[in-house]
Amino acid sequence: CRGPGVCRSGRKDMALRRAASLAAGRQPRCPQLPRPAREGTVRWSSAAKASAVKINEKASREKILTLESMNPQVKAVEYAVRGPIVLKAGEIEKELRKGIKKPFTEVIKANIGDAHAMGQRPITFLRQVVALCTYPNLLDSPSFPEDAKKRARRILQGCGGNSLGSYSASQGINCIREDVASYIERRDGGVPADPDNIYLTTGASDGIATILKILVSGGGKSRTGVMIPIPQYPLYSAAISELDAIQVNYYLDEENCWALDVNELRRSLNEAKAYCNPKVLCIINPGNPTGQVQNRKCIEDVIHFAWEEKLFLLADEVYQDNVYSEGCQFHSFKKILYEMGPEYYNNVELASFHSTSKGYMGECGYRGGYMEVINLHPEIKGQLVKLLSVRLCPPVSGQAAMDIVVNPPVPGEESYSQFIKEKESVLNNLAKKAKLTEDMFNKVPGIHCNPLQGAMYAFPRIFIPSKAIEEAKAHKMAPDMFYCMKLLEETGICVVPGSGFGQREGSYHFRMTILPPVEKLKILLEKVKDFHIKFLEKYA
């Protein structure tokens, strides 16, 4: 018998079997437990399963982190460039890979300024230097030019253990900050630049967010107000939301090629004083998403306004190499500030930003950048370094990439001819695409596009009929979001609605990059034209 009351002979037999098992080197097993079906698994009775479910039900509880309990400032953050329309584009790409039929064969992501993703070739010299820094054994290879090796050795000597894998100082590698200062002096015609005022950053975005973080203070009507252009790059509104600061909009003049008017700055400032303490003025030059390039007189007026109203100036100048229109020229705020005389130069607090991600380089993934901050209070300078030290240091490979942007080959060096050929090819190609985009959009009824003077985007104004606006409301969408979603679903073209950047009430736009190769860009523009005409026919 094998029940609870096992008989003596049964117990004796079991004992003999255990002894035999031990003698054979096998582990004894309890006769009451079921034999495992296979190694690592146990057969469970239905009663045991039911018991386990009840235990799990008792163990589960409400999550600590929910939409209701999370940081409300983070929840308020919006970033249209990678928002709902881009998520939808990703879903469509997955469907295409599964063989689901669409009216198109690929999604063209024209929503973001990612040059290499759009097919732009890397600058050879920059990649050579970063490769040498990453794998120093290549310094002995005859395949690399000596001017690249010279720069790589200098960067590595500035790294702990001569390795790109070591932390750098929080402000960045010293020799690279020296090169940035030298670059600024050359760019600005001899205006002095101090390496101690240079901070290497994780792209320009990191620098902008850091400066805003140190500027924001107060509560109620004394809470810091940050003046930003509308349309704006959504980094600014996102950072302002995250910091619980007050966004103060000033509108660029679309009828005057998105010009910045100081009278509009003054209107915006005076209205904002009723509910906050405006103390920061952000400028994007050349403009994103609008592509305008500010002239010298405009910059002088802005600097005088900031000096007069005691505003801290932020100059986002990441597109400084991207100027295409005849008669347009990039002027740095730092240079104009210096030339306006000591009363301005010694008093206006200015942070300027640059990056490896744009220009002719397009090295977005390295996340290299710098900011130059002048006229900062000495005690605040210490606070800024402390804040930067919390994130230890920016990526050292990105710092190396930034060094090549500010310290490229010069005439007489081995790599100069190839470097200048590649650089001019990229910029000339962008200028050609800027003109092509403007011309093609302006041939489409119901679309108007201002000249693309600089940067790498078009921001055309689109006419949306009232019937389409009503349908958008029924779908709980902004009208231009509705338009862009339809464009994506019918053509595979992903652009960003103007509502994600801000626009005047009753006007509608979208932003698209001009980075695709010329032939693909022509196809894209033709598709947008055909879509827009059909859209008007359907809803007009």
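Residues numbered from 1 in each chain as written. Predicted model: local features only at pLDDT ≥ 70, side-chain atom pairs only at ≥ 80, totals over all residues. Heavy atoms only, no water.

## Some remarks on the sheet that holds strand β14 (residues 510-513)
- Pairing is antiparallel across the open sheet formed by three strands, whose spatial order is β10-β14-β13. Single-partner strands in this sheet number two, and they are β10 (457-458) and β13 (496-497).
- Two elements, β10 and β14, share two bridges in a ladder whose sense is antiparallel. Within β14, the position partnered with Ala458 by the bridge is Met512. (Pairing = 2+ DSSP bridges. Helix = DSSP H or I, 4+ residues; strand = E, 2+ residues; numbered from the N terminus.)

## Regarding helix α10 (residues 262-272)
- Of all the positions in α10, only Val262, Glu264, Leu265, Ser268, Leu269 and Ala272 are classed as buried. Buried residues along α10 cover an arc of 155° about the axis, so they all sit on one side.
- Structurally, the start of α10 carries an N-cap: the backbone nitrogen of Asn263 is 3.0 Å from a side-chain oxygen of Asp261. (Buried < 20%, exposed > 50% of the residue type's maximum accessible area, 1.4 Å probe, protein only. Arc of directions from axis to C-beta. Polar contact = N/O pair within 3.5 Å; in protein donor to acceptor, adjacent residues only side chain to side chain.)

## Side note on unusual backbone geometry
- In this chain, Ile230 is followed by Pro231 through a cis amide linkage whose omega measures 5°.
- The topology assignment puts Pro231 in the loop between β3 (224-230) and α9 (235-242).
- That bond from Asn285 to Pro286 is cis: its omega, -10°, falls within 30 degrees of zero.
- Position of Pro286 among the secondary structure elements: in the loop between β5 (277-284) and α11 (296-309).
- For Leu392, which is not glycine, the phi dihedral falls at a positive 65°.
- Inspection of the secondary structure puts Leu392 in the loop between α14 (378-390) and α15 (396-406).
- Here Leu392 falls in the partly exposed class, since its relative accessible area comes to 40%.

## Concerning the state of the cysteines
- Using the criterion set out here, one finds zero disulfides in the structure.
- The closest cysteine sulfur to the non-disulfide-bonded Cys175 is located on Cys159, 7.3 Å from its own sulfur.
- Under the relative-accessibility criterion, Cys175 is labelled buried at 11%. (Disulfide = S-S within 2.5 Å.)

## Here's the deal with the nonpolar core
- Among the nonpolar cores identified, the biggest contains 124 residues, and Leu126, Ile211, Leu314, Tyr370, Phe441, Phe510 and Met512 are the most heavily contacted of them.
- When we break this core down by domain, the ones giving at least three residues each are domain 1 (72-107 + 424-539) and domain 2 (124-406).
- Once residues within four sequence positions are removed from consideration, Ile211 is found in contact with Phe312, Leu314, Ala351, Phe353, Met371, Val373 and Leu384.
- Ala272, Leu313, Ile336 and Val348 belong to the second-largest nonpolar core, a separate cluster that totals 34 residues. (Core = buried A, V, L, I, M, F, W, Y, C linked by side-chain atoms within 4.5 Å. Domains from an automatic or database assignment. Contact = heavy atoms within 4.5 Å.)

## A short note on the packing of aromatic side chains
- One pass over the full model with this rule turns up 14 aromatic pairs.
- Judged by centre distance (5.8 Å) and plane angle (80°), the rings of Phe459 and Phe501 are edge-to-face. One end of the pair, Phe459, is in the loop between β10 and β11 (461-462); the other, Phe501, is in the loop between β13 and β14, and 42 residues separate them in sequence.
- On the basis of relative accessibility, which here comes to 3%, the residue Phe459 falls in the buried class.
- An aromatic cluster of three or more residues is present, and its members are Phe441, Phe482, Tyr483, Phe510, Phe531, Phe535 and Tyr539.
- The ring centre of Tyr457 lies 3.9 Å from the NZ or CZ of Arg511, which sits over that ring. (Phe/Tyr/Trp six-rings, centres within 6.5 Å; stacked < 30°, edge-to-face > 60°. Lys NZ or Arg CZ within 6 Å of the ring centre and 35° of its normal.)

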